[in-house]
Structure formats: C-alpha cells, structure tokens
Amino acid sequence: MGIEDITTICVVGAGTMGAQIAQQAALGEYQVWLTDVSGEQLDRALESNRRLITRRVDKGQLTGEEAAAALNRVQTTTSLEEAAGRADFVFEAIVEKLQPKRELFARLDGVVQGRTILATNSSTFPVSRLADATKRPDRCVNTHFFHPVLVMQLCEVGRGPATSDETVATTMELVRRIGRVPVLLEKEIDGFIVNRILHAASQEAMRLYEGGYAEFADIDVAVEKGLNWPMGPFKLADFSGVDITYNARREKFEASGDEHDRPAEFLRRMVDEGRLGRKSGVGFYDYRDGGATPAEDPRRP
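Residues numbered from 1 in each chain as written. Predicted model: local features only at pLDDT ≥ 70, side-chain atom pairs only at ≥ 80, totals over all residues. Heavy atoms only, no water.

K.L.:
Explain the overall build of the protein chain residue by residue, including any values.
P.N.:
For the protein chain, the count of helices and strands is 12 helices and 10 strands. For 301 residues, the compact-globule estimate of 2.2 N^0.38 gives 19 Å, and the protein chain sits close to it at 20 Å. Once the C-alpha set of the protein chain is aligned to its principal axes, its extents read approximately 55 × 45 × 35 Å. In the protein chain, buried positions account for 49% of the 301 residues. Residue pairs in contact within the protein chain that sit at least 24 positions apart in sequence constitute 65% of those at least 6 positions apart. A total accessible area of about 13900 Å² is found for the protein chain, and carbon and sulfur atoms account for 51% of it. Looking at the protein chain, you have 38 positive and 46 negative side-chain charges, and the mean spots of the two groups are 0 Å apart. (Helix = DSSP H or I, 4+ residues; strand = E, 2+ residues; numbered from the N terminus. Rg over C-alpha atoms; globule rule 2.2 N^0.38 Å. Buried < 20%, exposed > 50% of the residue type's maximum accessible area, 1.4 Å probe, protein only. Contact = heavy atoms within 4.5 Å. Areas by Shrake-Rupley, 256 points an atom, 1.4 Å probe, with all protein chains shown as cover. Lys, Arg positive; Asp, Glu negative; His and termini not counted. Charge placed at Lys NZ, Arg CZ, Asp CG, Glu CD.)

K.L.:
Explain the nonpolar core residue by residue, including any values.
P.N.:
In this structure, I9, V32, F91 and L174 are the most contacted members of the largest nonpolar core, which totals 33 residues. Broken down by element, this core gets its largest block of residues, six residues, from helix α1 (residues 16–27). When near neighbours in sequence (up to four residues on either side) are disregarded, L174 contacts I3, I6, I9, Y30, F89 and F91. Ranked by size, the runner-up nonpolar core spans 19 residues in total, among them W33, A83, A84 and L130. (Core = buried A, V, L, I, M, F, W, Y, C linked by side-chain atoms within 4.5 Å.)

K.L.:
Help me get a handle on the environment of S128, residues and values and all.
P.N.:
Among the secondary structure elements, S128 is positioned in helix α6 (residues 128–131). Between the C-alpha atoms of S128 and G160, which are 32 residues apart in sequence, the distance is 5.3 Å. Once residues within four sequence positions are removed from consideration, S128 is found in contact with P161 and E188.

K.L.:
Run through the side chain of S122, naming residues and quoting values.
P.N.:
Tracing the backbone shows S122 in the loop between β5 (117–120) and α6. The class for S122 is buried, based on a relative accessible area of 0%. A distance of 2.7 Å separates a polar atom in the side chain of S122 from a polar atom in the side chain of E96. In contact with S122, not counting residues within four places along its chain, are E92, E96, K101, N142, H144 and F192. (Polar contact = N/O pair within 3.5 Å; in protein donor to acceptor, adjacent residues only side chain to side chain.)

K.L.:
Give me the lowdown on the pattern of salt bridges, citing residues and values where you can.
P.N.:
A side chain with one charge may pair with a side chain of the opposite charge, provided their charged atoms come close. In total, this model carries 24 salt bridges according to the counting rule given. The closest approach of N and O atoms between K101 and E96, which form a salt bridge, is 3.4 Å. With a shortest N-O distance of 3.0 Å, D297 and R299 are connected by a salt bridge. Judged by its relative accessible area of 24%, R299 falls in the partly exposed class. (Salt bridge = Lys/Arg side-chain N within 4 Å of Asp/Glu carboxyl O.)

K.L.:
How would you summarise a nonpolar patch on the surface if you had to cite specific residues and measurements?
P.N.:
A contiguous nonpolar surface patch, about 240 Å² in accessible area, is contributed by I193, V194 and I197. Note on I193: relative accessible area 37%, which makes it partly exposed. (Patch = residues over 30% accessible without salt bridge, like charges linked within 9 Å, V, L, I, M, F, W, Y side chains within 5 Å.)

K.L.:
How would you summarise the side chain of D286 if you had to cite specific residues and measurements?
P.N.:
Along the polypeptide, D286 turns up in strand β9 (residues 285–286). Residue D286 is classed as buried on the basis of its relative accessible area, which comes to 16%. Engagement of the side chain of D286 in a polar contact is seen with the side chain of R288, the distance being 2.6 Å. In contact with D286, not counting residues within four places along its chain, are G281, G291, A292, T293 and A295.

Read these as spatial facts, not as claims about activity.
Quick look at the structure:
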C-alpha cells in the first residue's frame, strides 16, 4: 500500500480525538468515514468540528468554501462495515483500554480490504499488542496524535516488530499530507516519547502533592513559571481528562508492577466522583464560572 493508493480514510471512535483526526484528514482533502456505536456521539462530533472550523473562517485562516468542503468530506455512520469496508487506511480512536482495542482490530481485520493499513491512536499501547489479533501485523502501526488534533502538530508513528517498511513509509507520508508532523519510533516502548517524558514529570508532581509538600495550584505555577510549560501538570490533567490520566497510569502500573508507577489514590477518587476536569466542569480546578479556581482538595479521606 503506497501513499497514492490512499483515497478514503476511516476513523473509528467519535470522541474528541477521533472526531478531530477525521476533520484533520478531511482538511488534507481525503474522503473520511467517521464511525461510532452512538449516533448521538457522531452528531456531537460533527457539531464540535463545525464550531472549530468556523472559527478558522472567522480568523481568516480558511475561506467559507474551503471550510464547507472540508466539513462535507466527513461522512458518518454507526456501521463499522460501511465505514471501514471501503477505507484504504483506518485510524482507531476508541477507549484507551487494551481488550476493546484488540477486539476492534480483530473485527476490522475481517471487514477491511486486504491491503488496508490499521493504525491505533493509543497513547500507551505499542501496536504489537493489537496486531497479533489480526492476520495483517505487517500493516498495523501506531499513530499517536495529540489533543487537540486540530491544533497540535505532532504525531508519533510507532512501528511494531512485524510492521513493514512500506507501511511505515506510507503512514509517515499520510501524516504529512494531512498537515501534521510525524516522528518515528523505530522500537516499541510503552508510552512512546512525549508521554514517557511527561509521565515522569507529572508523576513527580503528583507525589509532591500527595505527600503534602505543596498545593497542586502552587506546583502548577512553579512548573509554568520555572519550566516555561504552557500549563502545569494538574491543569494538563484537567485539560486531557482526569479519567484519561488515571487510566493511563493504571495501565502502566498493571503492566510494570512497579510501585513507582502506581497512580495516586486521589486520582481514583476523583474519577469515581465524576471530577474529570474541563469536560465535567470540575477537576483539580472548578471551571463552571468560566474561570479556573482551585477546587476542593481531592486528598481528603
């Protein structure tokens, strides 16, 4: 499968990441099928993308005609067979849990054309943990985009032990053609590049807070002003989703068994209470009044 063979793309999962991957591919002038088990989620994805693309028109970054064309290139369906069956390249962007991803890859393997490449947007799982659920491990690859996809330029492309050179080359060029910057991981490692570096810094911030050495808001200020990060680790957790942060840490701990990787108990408590960050209105910070003020201390018993 070469880059010129790719004309139609399928994105599975219409959450924030999947919706924006689909729209970014459409901005690259590819025909895109976005699929999800929920028709309501598909409607929300289209409306969210419409708002984001309209802002570009308002800022003079796109013409009205270009925006309309990009929006119209994304078609939706709740039928995986309809979406993936005609695709040359599939991006998986469902929940960050291994078993559902493996089940989806196995199902996709029986639906797509023989030459089609299957890519996972997983932020933690190397593709070999999904590829062996298929009969095409040579055409399976990691494509880890960053949130929000319509803004963040990076995409980590990761090859598995069986991923072919052709698949890697085609994927790298596809990422470029949809306006993103690929970097290649030649060997598999959990967490890839950015998240491993980020995890180490964020995990230390969580330990400082859990140990009572400083309040989370002060740690954020220290990181933002001292390291020149655009946002501190607790604001970033709210932005990404406290549940996403917790699940990624839990998966890493379960895989390594290293106590150093164990997620803080207050993260589990926040998830149980629905304090998921910006998307729920409250996380480490309270966003319900339009600002970002420190919320109730999640370390309480």
